[in-house]
Amino acid sequence: MSQYLPPAIRRGLFGFSIPVYVLLYAPLAIIGIFSFAPSLGHSGPNIAGYSQLFGDPQVMAALRRSLTLAIGSASLGTLLGTLMGFGLSRFRPAKGGGVWVGTIPSLIIYLPIIMPSLVFGLSEMIFFNFVNQHTGMLSAGLLTMGIAHVTFQSPYVALVVYARLSGLDKHLFEASHDLYANGFKSFIYLTVPVVRPALIGGFLLAITLSIDDFTISFFTAGPGSVTLPIYIYGAIARKGASPEIDAIGSLMIGTVIGVALLYHFVTRRRERQLVAVA
Amino acid sequence: MVKTAVQGEARAASFRLWMTAGPGLFWIVLFLLIPSAIMLGLAFFTNSDFGSPVLPLTFGSFSEVVGYGILGWSGANATILLRSLLQAGTATVMTILFAYPLVFFIITRPVNARPILLLFAVLPSWTNQVVRTYAWMQLLNPQAPLARLAQDVGLIDPHLGLMPGNFAVLVGLTYNYLPYMVVPLYAATEKLDWTLVEAGRDLYAKGPKLFFNTVFPQTLPGLLSGIILVGIPAFGDYVVPELLGGDRATMMGSLIAAQFTFAPNWPYGAALTIIMLVFTCLGLISFRWLTQRLGGGEEAML
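Predicted model only: the values in this text are computed from it and were never measured.

### Side note on the overall build of chain A
- Across its full length, chain A carries 11 helices and 0 strands.
- Sequence-ordered secondary structure for chain A, helices as α and strands as β, is α-α-α-α-α-α-α-α-α-α-α.
- By sequence separation, contacts in chain A at least 24 residues apart represent 78% of the contacts at least 6 residues apart.

### Let's talk about the interface of chain B and chain A
- Counting residues at the interface gives 67 residues for chain B and 75 residues for chain A.
- Of all the elements, helix α2 (residues 22-42) of chain B adds the most residues to the side of chain B that touches chain A, at 14 residues.
- Looking at side-chain class alone, the side of chain B that touches chain A contains 51 nonpolar, 13 polar and 3 charged residues.

### So, the environment of L190(A)
Residues and elements named next belong to chain A.
- Position of L190 relative to the elements: it lies in helix α8 (residues 183-212).
- A residue is classified by how many C-beta atoms lie within 10 Å of it, and L190, with 17 of them, is partly exposed.
- Setting aside anything within four residues of it in sequence, one finds L190 in contact with L172, F173 and S176.

### Overview of the nonpolar core
- Of all hydrophobic cores here, the largest spans 140 residues; its most connected members are I232(A), A99(B), V103(B), W136(B) and V182(B).
- Per-element accounting of this core gives the leading share, 15 residues, to helix α8 (residues 166-190) of chain B.
- Those residues within four positions of A99(B) in sequence are excluded, and the remaining contacts are L178(B), M181(B), V182(B), L185(B) and G226(B).

### Description of helix α12 (residues 252-260) of chain B
- Burial analysis of α12(B) places 8 of its 9 residues in the buried class, which makes it a mostly covered element.
- Every buried residue of α12(B) is accounted for by M252(B), G253(B), S254(B), L255(B), I256(B), A257(B), Q259(B) and F260(B).

### Concerning the packing of α8(B) against helix α10 (residues 207-235) of chain B
Residue and element names in this part refer to chain B.
- Running from N to C, α8 and α10 cross one another at 160°; their axes reach a closest spacing of 8 Å. Classed by the angle they form, the pair α8 and α10 counts as roughly antiparallel. Of the two elements, α8 crosses α10, and the hand of that crossing is right-handed. Contacts from L173, Y177, Y180, M181, P184, L185, A187, A188 and T189 of α8 reach α10 at Q218, T219, P221, G222, L223, S225, G226, L229, V230, P233 and A234.
- The residue inventory of the contact of α8 with α10, partitioned by class, reads 14 nonpolar, 6 polar and no charged.

### Considerations on the environment of P223(A)
Residue and element names in this part refer to chain A.
- On the secondary structure map, P223 appears in the loop between α9 (215-220) and α10 (228-239).
- Judged by the 8 C-beta atoms lying within 10 Å of it, P223 falls in the exposed class.
- The sequence separation of P223 and L204 amounts to 19 residues, and the corresponding C-alpha distance is 28 Å.

### Observations regarding the confidence of the model for chain A
- The pLDDT averaged across chain A works out to 81; a share of 89% of its residues lies at or above 70.
- Of all the helices and strands in chain A, helix α2 (residues 48-54) of chain A carries the lowest mean pLDDT, 76, while α9(A) carries the highest, 90.

### As for the environment of F184(A)
- Relative to the assigned elements, F184(A) resides in helix α8.
- Put simply, F184(A) and S250(A) are 66 residues apart on the chain and 46 Å apart in space, counted from C-alpha to C-alpha.

Parameters and conventions
- Residues numbered from 1 in each chain as written.
- Chains lettered and ligands numbered in written order.
- Predicted model: local features only at pLDDT ≥ 70, side-chain atom pairs only at ≥ 80, totals over all residues.
- Helix = DSSP H or I, 4+ residues; strand = E, 2+ residues; numbered from the N terminus.
- Contact = placed C-beta atoms within 7 Å.
- Nonpolar A, V, L, I, M, F, W, Y, C, P; charged D, E, K, R; others polar.
- Buried ≥ 20, exposed ≤ 12 C-beta atoms within 10 Å, placed from the backbone.
- Core = buried A, V, L, I, M, F, W, Y, C linked by C-beta atoms within 7 Å.
- Axes fitted to C-alpha atoms, helices over the stretch in contact; angles between N-to-C directions.
- Parallel < 35°, antiparallel > 145°, perpendicular 65-115°, else oblique.
- Left-handed = near helix turned anticlockwise from the far one by under 90°.
- pLDDT = per-residue confidence, 0-100.

Take a look at the structure:
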C-alpha cells in the first residue's frame, strides 16, 4: 500500500516521525540521565539516588503495596472482565435484545472508561467515606483502592475478551454441542483455549492500568496505603525534584518498557511458530 | 409449542448472560454508578461550616458555580471553564497534527516492522501519569537545557522557565494523550482502501484535495474516536495542570478537587462536577451523532 505514496511524501513522513519518536522518549531519557547526575563537587555518574532509594523503608513499603494492589486487583478484574466479555458475546441475542439485555450492559461497561478519572475517584471517595461512617466497613486503604481499580480494569478486560470472541465462528459452539460437549465442557475445551491470549493480554493490561493510575488511587487511598505513585506525588509536592525520585521514576519506566517489549516479542515468536506449524 | 421452546431458550440464554456478565455489571453499578449518583445528588445540599453537605436542599451551589459569591459576581469560574475547554481543544488539535504523519509513516514501513513501531509510539503512555508529568517538569524547568535555549533565543524572559504555565500544561496534555489519537487512527488507516486514492489521482486530484477527498473520509471514524479519547480526559485532567500549571493555569479538575480536599465545600464541588459531566456528555452525544451521520466506527463497539 505504501507504493501509492510518492517518495517525496514518504521522505517527509520519515523526517517528521523520527523527531516525534525522539520527543516521545526525551522526557523519559532525561529522568534516566538525571538519576545518575553527579552531586556537587563530584564528577562521574553517581548512584546516590539509587542507594538512597533501596535503603528507604518508606519507598520499599510503597513498592510492596503497589505490587500487591496491581496483582490483586488485576486478578479479580480479569476474572470479572472475562466473564462479562464472554457472557455478552455468547449469550446476548444477535439483534440487540431490547434495552435490558442490549443497551444497559453496554452503557454500564463503558461508564468507567468514559467517566473522567477525577470524577471517578471523588465519587468513590465520597461513597467509601459514607459507607464507612454508617457501617464501619471499607475504611480508606488498599482495599478501597483495590475495589476502585477492579472497577476500571474489568471493562477493559471485557472489551479485549469480547473482541477476541466476536471474531470466532459461532458454528464452533454448535459443533462442540454436536460432539456431546455440555456447556461446561465446551467452555473448558473451546472457550478457554481461544480466549487464553486475550486473558493474558487482559491481565497484563489490567496490571498496566493499575500501575499507570494516579488520580483514582490518590482519592481512594488512606493514610496507611501510600503506593509508589502517591509517594512520588507527595515527594514532588514537598521538595520538588530530587535524585531519589529520578531513580524511582527510572526504575518504573524501565520496568514498564521491559515488560512490554518482552510480552511483544514472546507473542510475536509464538505467532511465528504457529504460522510455521500451519 | 415451538414458540414456547424458543421462548425457553431465550430465557435460558438471558439467565446465562446474567450469571456470567452479572457479577461484573453489578460491581460497576455498586462501586461507580451509585457513588457517582450520590456525588451528583450532593450538589443540591447546603454546605455546613465544616464543608460537609447538610439539609435543606437548595440550588445555592449552582449560583456559586456561575460566579455569585458573598462578594458579588466574579468571572473566575467562567475563566477556568473556558481555559479548560481551550486547553483540551488545543491539545486535541495538536495530537491530530502529530498523529496523522506518524500513523502514515508507520503504514509505509514493511508489515513486520509496523507492530513494533506502533508499540514504541504507545509505550510512553504506559508509564505512570505522575512519572511522565514529572519528566516534563524536569525538561521544562528554568534550569533545564530546553528552557535555557528558549531564554537564549528570546522566546521567554531570562530566569523564567517554560513552566509552570499554560504552555507547559498544553505540552503535558499533548504528550499524555497522543497515543490515544495514534491507536484509533492507525486502526482506521490500516484498513484504508488505497485504490480510491489511485482513482482520485487518475481524476487529477493532487495534494490537499486528494487527501481530503480520498484519505480523510476513510480515516474519519478513527479520527472521531481519537477526538473523544483525547478531548474528554484532557478536559478533566487533574495531574498535568496540577504539576505543570501553577496558579494562573488552573483547570476544572484542580478547582473541583480543591472543593473536596483543602477547601472543603462538597456541594459546590459536586455542582462543578455536574458542569464537567454536562460538557463531557455533550462531547459524547455530538460524537455519536457525527459517527451515525458519517457512518462507520461502530464495529469495535461492544
